[in-house]
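Geometric and topological summary
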Amino acid sequence: MSTHRHWFAVLIASALISSTVIARNASTEWMLKVDSKLMAKASAGGEVEFFVVMKQQADVSDAYHFKTKEEKGTYVFNKLQDLAAHTQPPLWNKLQELNAPYSSYFIINGIWVKGDVSVIQALAEFSEVSRIFTNARFEMLKPVNEAQPASTGTESMEAIEWSLTLTKADQVWDLGHTGQGAVVGGQDTGYEWDHPAILAQYRGWNGNAANHNYNWHDAVHTGNGGDCGLNSTEPCDDHNHGTHTMGTMVGDDGNTNQIGMAPGATWIGCRNMDVGAGTFASYAECFQWFIAPTDLNDANPMPSKAPHVINNSWGCPPSEGCDSSNFSAMATIIGNVRAAGIVVVASAGNSGSACNTVQDPPAMFDESFSVGSTTNLDEISGFSSRGNVTVDGSNLMKPDISAPGSSIRSCIRGGSYSTFSGTSMAGPHVAGLVALIISANPALAGQVDSIENIIKSTAVQLTTTENCGGVSGSQIPNNTFGWGRIDALAAVNKVITDVHQTEGNETTRAHIYPNPMVDHATLFIQGNNQTIREVNIFTLNGQKIRTLLPQPGAIIPLNGLELASGTYFVEAVAENGVVFHEKLIVR
């Protein structure tokens, strides 16, 4: 009996010890989701800003199958917004209960929050939460050799800047393609919208009055605010950097200052930095706004007003809060923007001339079109960051492309002009080239892969004796210049040739008819020379509501669809794997 009592006592003691360990593990498990830097900061006491990322993230890969940019953007917007609306409410309720300020995001399924350790713990304990990291604010690294504004306000005025003639943008204008019909977006320190060089190109200006709805957003809600203050309701630049970059994209004062690659394009803007410093949340907010611009009340989002390309002449180094704790979150954001049919141009960084110096978001990601800087002699700028990308273990070859970035003259605040150097100056040349390409072939709008491939395949191939990342600088592409320095004329000539070759060629298209159709009518799909093996029907928010496996044939009837009145996307998948999309209206 005593032996039994002994073992019984041992079992009870073991059980008590095990339950204590389990309880301790359960009580601290939430801490595994919280970045160590955030915990250290919050543990010091007081409230901190942080970002909560949900486990469930939207799969928007089907957007790549839609034909037009508006279809892609609408699908991505609806898919992202729907997921946030269905997964975040329990956290909203908890935050309201705790009286903690917060802002919901859909560009990545996440929430910005301000609170103390108890708020962090309360959110981390939700099983739906993946990770929580700091939203710290730090000073931004300045452009290389940043020049001061010239006292004359002109600084070596030229009719057409050297970088535009070198890239042959002026010869593209002579062909009648100046960027007309294209919209470029910029997120930066803001923009002096009424500067003579960029006023006429601002989408919010009709020549007589301004309307900033859908054309401007300020993501700076806390902090200093600089000359612009917080939540500015009109475009404002508190730093000069943003105005300078926009000038390189579209600038032309109609007189003697031809500084922009695509002077016929229009622009919209978002301020993501407060006197030159940003946060993860401010960067994310601008990307979100560009997918579906809103009015000045942050209401009534419209994907149809999204830009074709976004210039990102900024970097987020560890000193500014970007590191391994949030790399994947930023990559998700850029991937969603890209899926919406928007080219994401990113300056490679100014940490050269060493290898492996493309190391900051957004340039380091495969989803970004990263730009290195060259001189007027087609040499790599000494400061231009080189690949490959090692900071995240991806070993990606970067940059993707190069453009003039040394001694670039453009507009700055106060109606003046100045010369800056940096990859921040190179990126806008590429964003402007995207606008020229779309003006020459509007069918390419939203076709991000095609646009990037055109720019790469037509670039002036440049080599070097540098061998970075085990890649010889004598090969194309390389980790110094990427595919080379942009050639606007070659790129536009290619898209003009391509569009002429495909005009009238209907053998590779699939068609649905009648369109519009009446509910319960028979819908026909014609694959021309393609055999259709599957037909899928989607709602505008990306929900698949029908999958049909039709009998092979040149013309396929689809009976008994019983679709309610509205707009749908019909996806036809051919035997050879080619996917076609058509918008269907049911009345």
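A short tour of the structure in this document, coming up. Small disclaimer: the values here were computed from a predicted structure and weren't measured. (Residues numbered from 1 in each chain as written. Predicted model: local features only at pLDDT ≥ 70, side-chain atom pairs only at ≥ 80, totals over all residues. Heavy atoms only, no water.)

Of regular secondary structure, the protein possesses 13 helices and 22 strands. The buried share of the protein, taken over its 587 residues, is 55%. Considering only residue pairs separated by 6 or more positions, the protein has 72% of its internal contacts joining residues 24 or more positions apart. (Helix = DSSP H or I, 4+ residues; strand = E, 2+ residues; numbered from the N terminus. Buried < 20%, exposed > 50% of the residue type's maximum accessible area, 1.4 Å probe, protein only. Contact = heavy atoms within 4.5 Å.)

Turning our eyes to something else, we now look at unusual backbone geometry. Cis geometry marks the peptide bond from Lys398 to Pro399; its omega dihedral reads 0°. Mapped onto the fold, Pro399 is located in the loop between β12 (369–374) and β13 (401–404). At the junction of Ile476 and Pro477, the peptide bond is cis and its omega measures out at 0° in the coordinates. Along the chain, Pro477 turns up in the loop between α12 (448–457) and α13 (488–502). A positive phi angle is found at Asn395, which is not glycine, with a value near 55°. One can find Asn395 in the loop between β12 and β13. For Asn395, a relative accessible area of 47% puts it in the partly exposed group.

Turning our attention to the pattern of salt bridges. Applying the stated criterion to the full structure yields 12 salt bridges. A salt bridge links Asp238 to Arg271, with the nearest nitrogen and oxygen atoms 2.7 Å apart. Pair noted here: Asp238 is in the loop between β6 (216–218) and α8 (241–250) and Arg271 is in strand β7 (residues 266–271), with a separation of 33 residues, a long-range link. For the pair Asp238 and Arg271, a shared accessibility class is recorded, and that class is buried. Where salt bridges share partners, they join Asp218, Asp238 and Arg271 into one cluster. (Salt bridge = Lys/Arg side-chain N within 4 Å of Asp/Glu carboxyl O.)

Okay, the layout of surface pockets next. The computed volume of the second largest pocket comes to approximately 710 Å³. What lines the second largest pocket is a set of 31 residues, among which Ser103, Ser104, Tyr105, Glu285 and Gln288 lie closest to the centre. Elements supplying a minimum of two residues to the lining of the second largest pocket: α3 (69–87), β2 (102–105), β9 (277–278) and α9 (280–291). It is α9 that provides the largest number of residues to the lining of the second largest pocket, a total of five residues. Per-class residue counts for the lining of the second largest pocket are 14 nonpolar, 13 polar and four charged. (1 Å grid on protein atoms, 1.4 Å probe; cavity = no way out; pocket = protein on both sides within 12 Å on 5 of 7 lines; lining within 4 Å. Points joined across faces, edges and corners; volume = space filled by probe spheres on them. Nonpolar A, V, L, I, M, F, W, Y, C, P; charged D, E, K, R; others polar.)

A few words on the side chain of Ser163. In this fold, Ser163 is placed in helix α6 (residues 162–166). Its relative accessible area of 2% is what places Ser163 among the buried residues. With near-sequence residues (within four places) excluded, Ser163 lies in contact with Pro404, Ile408 and His429.

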